[in-house]
Amino acid sequence: QVQLVESGGGLVQVGGSLSLSCAASASIININAMGWYHQAPGKQREMVATLTSGGSTKYADSVKGRFTISRDNAKNTMYLQMNSLKPEDTGVYYCSADYGWAGRYWGHGTQVTVSS
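Residues numbered from 1 in each chain as written. Predicted model: local features only at pLDDT ≥ 70, side-chain atom pairs only at ≥ 80, totals over all residues. Heavy atoms only, no water.

## A closer look at the overall build of the protein chain
So, point 1. Summing up its helical and strand segments, the protein chain has zero helices and eleven strands in all.
So, point 2. Going residue by residue from the N terminus, the α and β elements of the protein chain occur as β-β-β-β-β-β-β-β-β-β-β.
So, point 3. Computed over its C-alpha atoms, the radius of gyration of the protein chain comes to 13 Å, within 12% of the 13 Å expected for a compact globule of 116 residues.
So, point 4. In terms of overall dimensions, the protein chain has C-alpha extents of about 40 × 25 × 25 Å along its principal axes.
So, point 5. Counting all 116 residues of the protein chain, 41% fall into the buried class.
So, point 6. Of the contacts made within the protein chain by residues no fewer than 6 positions apart, 53% connect residues no fewer than 24 positions apart.
So, point 7. Accessible surface for the protein chain amounts to roughly 6100 Å². Of this, 48% is attributable to carbon and sulfur atoms.
So, point 8. Of the side chains in the protein chain, 9 bear a positive and 7 a negative charge, and the two mean positions are spaced by 2 Å. (Helix = DSSP H or I, 4+ residues; strand = E, 2+ residues; numbered from the N terminus. Rg over C-alpha atoms; globule rule 2.2 N^0.38 Å. Buried < 20%, exposed > 50% of the residue type's maximum accessible area, 1.4 Å probe, protein only. Contact = heavy atoms within 4.5 Å. Areas by Shrake-Rupley, 256 points an atom, 1.4 Å probe, with all protein chains shown as cover. Lys, Arg positive; Asp, Glu negative; His and termini not counted. Charge placed at Lys NZ, Arg CZ, Asp CG, Glu CD.)

Shown next as structure tokens:
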């Protein structure tokens, strides 16, 4: 069982920045992919950004140019740098790690609130 713990959420004004972290209890070196997902109030969870073991990234159209996903294998941690935040970015952000045959895991989420 792998534990994922998100941190870095909070309250920020429109146009501001936040940096989210996702710390894994196991090595992330050989995972298939990691990603960040956003669940806005009353809506379904949606992909924000993903990062494969090969270094390929994918972003939702709504965050392209504003958000950056990255990882630090030595710290078993994934990051999401969020810039130019908008009110529609408000919600809970979850990280996910796909360990292939070993399973896919989710964190409990961190709240981001963008105030106007």
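## A closer look at the state of the cysteines
So, point 1. Summed over all chains, the structure comprises one disulfide.
So, point 2. The partner cysteine of Cys 22 in its disulfide is Cys 95, sulfur to sulfur 2.0 Å. Disulfide Cys 22-Cys 95: the torsion about the S-S bond is 60°, which places it as right-handed. Placement of Cys 22 in strand S3 (residues 18–24) and of Cys 95 in strand S9 (residues 91–98) is noted, with a sequence separation of 73 residues between them. Taken as a pair, Cys 22 and Cys 95 share a single burial class, namely buried. (Disulfide = S-S within 2.5 Å.)

## Let's talk about the layout of surface pockets
So, point 1. The calculated volume of the largest pocket comes to roughly 260 Å³.
So, point 2. Grouping the amino acids of the lining of the largest pocket by side-chain chemistry returns seven nonpolar, four polar and six charged. (1 Å grid on protein atoms, 1.4 Å probe; cavity = no way out; pocket = protein on both sides within 12 Å on 5 of 7 lines; lining within 4 Å. Points joined across faces, edges and corners; volume = space filled by probe spheres on them. Nonpolar A, V, L, I, M, F, W, Y, C, P; charged D, E, K, R; others polar.)

## Re the environment of Cys 22
So, point 1. The class of Cys 22 is buried, set by a relative accessible area of 0%.
So, point 2. Residues Cys 22 and Ser 116, spaced 94 residues apart in sequence, show a C-alpha to C-alpha distance of 27 Å.
So, point 3. Setting aside anything within four residues of it in sequence, one finds Cys 22 in contact with Leu 4, Val 5, Glu 6, Trp 36, Asn 76, Thr 77, Met 78 and Cys 95.

Fair warning: the whole summary comes from geometry, so function is off the table for now.
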